[in-house]
Amino acid sequence: APRRWRSCNPPSEGEDATCIYQRFFRDSNDEESYVPEEGIRWLSGRDECEWVGIECDGAGSIRILQVVGQNITGPLPTQVISFPFLQSISLSYNEFSGTLPDYYSKMRHLIQLELQGNRLTGSIPNSYWRTRSLQMMNVQQNLLTGTISSEVGRLTDLKGLHFGRNRIEGTIPTEIGMLTALAFFRANINLLTGTIPTEMGKLSLLEEYWMYQNALNGTIPTEIGTMDSLADLRLNKNRIVGTIPEELYSISTLRIVVLEENTLTGTVSTNVGLLPVLEAFRVARNELTGSLPTELASITSLRALWVQFNNFVGSVPISLCNNVGPGKLEYLNADCGPLSNPAQACDCCHSCCNRDDGVCLLTELADSSNRLL
């Protein structure tokens, strides 16, 4: 017999149609919780529109299917093909296995497909890149393999493409630049190689670009400067070389810049002060040189500055130290060790790292909330 769901599974002998549904929630810190509410079981003899996780329109057609975090096993359900007007499928954080079914991509009204956090295998079928209506596709945190097809450029209505935390390889196709509606792109923690395509610069609505923990090489393209909605850029743990392009400092919407653990050279430009809402600037573990610009101190929104394990010279600016404190600059890590002969003197750092032995020590300014990577 199949394993029971966490809640409201199809009725077994002696169970009636009613149940207490454990509705799943996952916050921005990946903390999971469940909130109990009264519901109607699947396959219970009651109208489908009453079942937990199903929403219908006024005509009784099923429009939304959302059964999340219920420990459901087996292949993805084939029965959804019987719901021709379905607009949203969300079966995330279960234990579904097998491959992505071709027929999901044939559903003409499907706008949102969320299958993250399962055990799906195989590659993304080519038919998925040809769907006309899809606006959100989230298959991250599975066991998917294969490559991203050049046909991805057909998904011109797509606003979110998430396939992080899989085993996808190959390069990012240049056709990604045709997704002019794209706002969120996550391809982190895969096996991707090659360079960041310059065509990314055409994505003027893109807010989130996560490519960290792959095997990307080459430089950060100067075309990044035309991505004037970009707020969250994460390229850490790759093999990226060259300098931080001057054009990056012209993106006034940038809140998070994470470039650590690459092989970046050159300096941090004084134009970093032109980023008015920057909250995190993490460039640790590169080969950056020069001194830290005093213009960093003008960014009152800055909460985290990680510059350790580089080749910076000079002291951490006093003006930057004046910003250190709760609710202000809370995570300042630099190469200020050993204290007897620091490479980069700092009187206000939360962590002092020693370039010679690779060890970082918390200072008395660090509290229990200070986290290190």
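In what follows, the structure referred to is the one given above.
Everything numeric here is computed off the predicted structure, so don't read it as measured data.

Rules behind the numbers
Residues numbered from 1 in each chain as written. Predicted model: local features only at pLDDT ≥ 70, side-chain atom pairs only at ≥ 80, totals over all residues. Heavy atoms only, no water. Helix = DSSP H or I, 4+ residues; strand = E, 2+ residues; numbered from the N terminus. Buried < 20%, exposed > 50% of the residue type's maximum accessible area, 1.4 Å probe, protein only. Contact = heavy atoms within 4.5 Å. Areas by Shrake-Rupley, 256 points an atom, 1.4 Å probe, with all protein chains shown as cover. 1 Å grid on protein atoms, 1.4 Å probe; cavity = no way out; pocket = protein on both sides within 12 Å on 5 of 7 lines; lining within 4 Å. Points joined across faces, edges and corners; volume = space filled by probe spheres on them. Nonpolar A, V, L, I, M, F, W, Y, C, P; charged D, E, K, R; others polar. Pairing = 2+ DSSP bridges. Axes fitted to C-alpha atoms, helices over the stretch in contact; angles between N-to-C directions. Salt bridge = Lys/Arg side-chain N within 4 Å of Asp/Glu carboxyl O. Phe/Tyr/Trp six-rings, centres within 6.5 Å; stacked < 30°, edge-to-face > 60°. Lys NZ or Arg CZ within 6 Å of the ring centre and 35° of its normal. Disulfide = S-S within 2.5 Å. Core = buried A, V, L, I, M, F, W, Y, C linked by side-chain atoms within 4.5 Å. Polar contact = N/O pair within 3.5 Å; in protein donor to acceptor, adjacent residues only side chain to side chain.

Draft legend 1. Looking closely at the overall build of the chain. The helix and strand tally for the chain stands at 1 helix and 24 strands. Projecting the C-alpha coordinates of the chain onto the three principal axes gives extents of approximately 75 × 45 × 35 Å. With 373 residues in all, the chain has 50% of them scored as buried. When contacts within the chain are restricted to residue pairs at least 6 apart in sequence, those whose partners lie at least 24 apart make up 46%. When the accessible area of the chain is evaluated, it comes to approximately 16900 Å², of which 49% is carbon and sulfur surface.

Draft legend 2. Broad picture of the layout of surface pockets. What the largest pocket holds in volume is close to 1400 Å³. If you trace the largest pocket, you find 42 residues lining it, with Ser28, Asn29, Asp30, Trp210 and Arg234 closest to the centre. Within the lining of the largest pocket, the residues separate by chemical class into 16 nonpolar, 14 polar and 12 charged. Considering only enclosed or pocket space, the second largest pocket measures out at about 570 Å³ in volume.

Draft legend 3. Representation of the sheet that holds strand S9 (residues 119–121). One open sheet accounts for 3 strands, arranged S5-S7-S9; its pairing is parallel. Looking along the sheet, the strands with just one partner apiece sit at the ends: strand S5 (73–75) and S9. Averaged over all pairs of adjacent strands, the angle between their axes in this sheet comes to 15°, without regard to strand direction.

Draft legend 4. The pattern of salt bridges, seen in detail. Tallied over the entire structure, the rule returns 16 salt bridges. The residue Arg282 makes a salt bridge to Glu260 at a minimum N-O spacing of 3.1 Å. With Arg282 in strand S20 (residues 280–282) and Glu260 in the loop between strand S18 (256–258) and strand S19 (263–264), the pair connects residues that are 22 residues apart, well separated along the chain.

Draft legend 5. Region of interest: the packing of aromatic side chains. Per the stated rule, a full pass over the model turns up 8 aromatic pairs. Centroid distance Trp5 to Trp42: 6.0 Å. Interplanar angle 65°. Geometry classified as edge-to-face. One end of the pair, Trp5, is in the segment before strand S1 (18–26); the other, Trp42, is in the loop between strand S2 (32–40) and strand S3 (54–56), and 37 residues separate them in sequence. Residues Trp5 and Trp42 agree in their burial class; the two are buried. Residues Phe185 and Tyr209 carry aromatic rings whose centres are separated by 5.7 Å and whose planes lie at 25° to one another, so their mutual orientation is stacked. Of this pair, Phe185 sits in strand S13 (residues 184–186) while Tyr209 sits in strand S15 (residues 208–210), placing them 24 residues apart in sequence. As far as the burial class goes, Phe185 and Tyr209 line up, both buried. Among the aromatic residues, ring-to-ring pairing joins Trp5, Trp42 and Trp51 into one connected group. Arg6 extends its terminal NZ or CZ atom over the ring of Tyr34, reaching a point 4.0 Å from the ring centre. Between Arg186 and the ring centre of Trp210, over which it is positioned, the NZ or CZ distance is 3.6 Å.

Draft legend 6. Structural detail: the state of the cysteines. In this structure the tally under the stated criterion is 6 disulfides. Sulfur-sulfur distance for the disulfide between Cys336 and Cys352 comes to 1.9 Å. Negative torsions about the S-S bond denote left-handed disulfides, and the value of about -100° found for Cys336 with Cys352 makes this one left-handed. One end of the pair, Cys336, is in the loop between strand S22 (331–334) and strand S23 (351–354); the other, Cys352, is in strand S23, with 16 residues separating them in the sequence.

Draft legend 7. Region of the structure containing the nonpolar core. Of all hydrophobic cores here, the largest spans 98 residues; its most connected members are Ile124, Leu161, Phe185, Tyr209, Phe281 and Leu332. Contributing elements (two or more residues each) for this core: S1, strand S4 (62–66), helix H1 (318–321) and S22. Filtering out sequence-adjacent residues up to four positions away, Leu332 remains in contact with Leu305, Val316, Leu320, Val324, Cys346, Cys348, Cys349, His350 and Ser351.

Draft legend 8. Focus on the pairing of S23. Of the two faces of S23, both are covered, the one formed by Ser351 and Cys353 as well as the one formed by Cys352 and Asn354. Inspection of the sheet shows S22 paired to S23 by 2 bridges, in the parallel sense. Bridge pairing in S23 links Asn333 to Ser351. Bridge count for S23 against strand S24 (residues 359–362) is 4 bridges, and the pairing is antiparallel. For Cys352, the partnering residue across the bridge sits in S24 and is Leu361.

Draft legend 9. A look at the side chain of Ser269. With respect to the helices and strands, Ser269 occurs in the loop between S19 and S20. With residues up to four places along the chain from it excluded, the contact list for Ser269 reads Glu246, Tyr249 and Pro293.

Draft legend 10. Local environment of the side chain of Arg282. Relative accessible area serves as the criterion here: at 17%, Arg282 is assigned to the buried category. Within the structure, the side chain of Arg282 is placed 3.1 Å from the side chain of Glu260, a separation counted as a polar contact.

Draft legend 11. Seen up close, the environment of Ile240. Relative to the helices and strands, Ile240 is located in the loop between strand S16 (232–234) and strand S17 (241–242). The class for Ile240 is buried, based on a relative accessible area of 1%. Separated by 21 residues in the primary sequence, Ile240 and Glu261 have C-alpha atoms spaced 8.9 Å apart. Not counting residues up to four positions away in its chain, the partners in contact with Ile240 are Ile196, Leu216, Gly218, Thr219, Ile220, Leu235, Asn262, Thr263 and Leu264.

Draft legend 12. Spatial organisation of empty space enclosed by the protein. Across all of its chains, the model carries 2 cavities of 30 Å³ or more by this definition. Considering only enclosed or pocket space, the largest cavity measures out at about 50 Å³ in volume. Lining the largest cavity, in full, are Ile196, Met200, Tyr209, Ile220, Pro221, Ile224, Met227, Leu233 and Leu235. Broken down by class, the residue content of the lining of the largest cavity amounts to 9 nonpolar, no polar and no charged.

Purely geometric numbers; function is a separate question.
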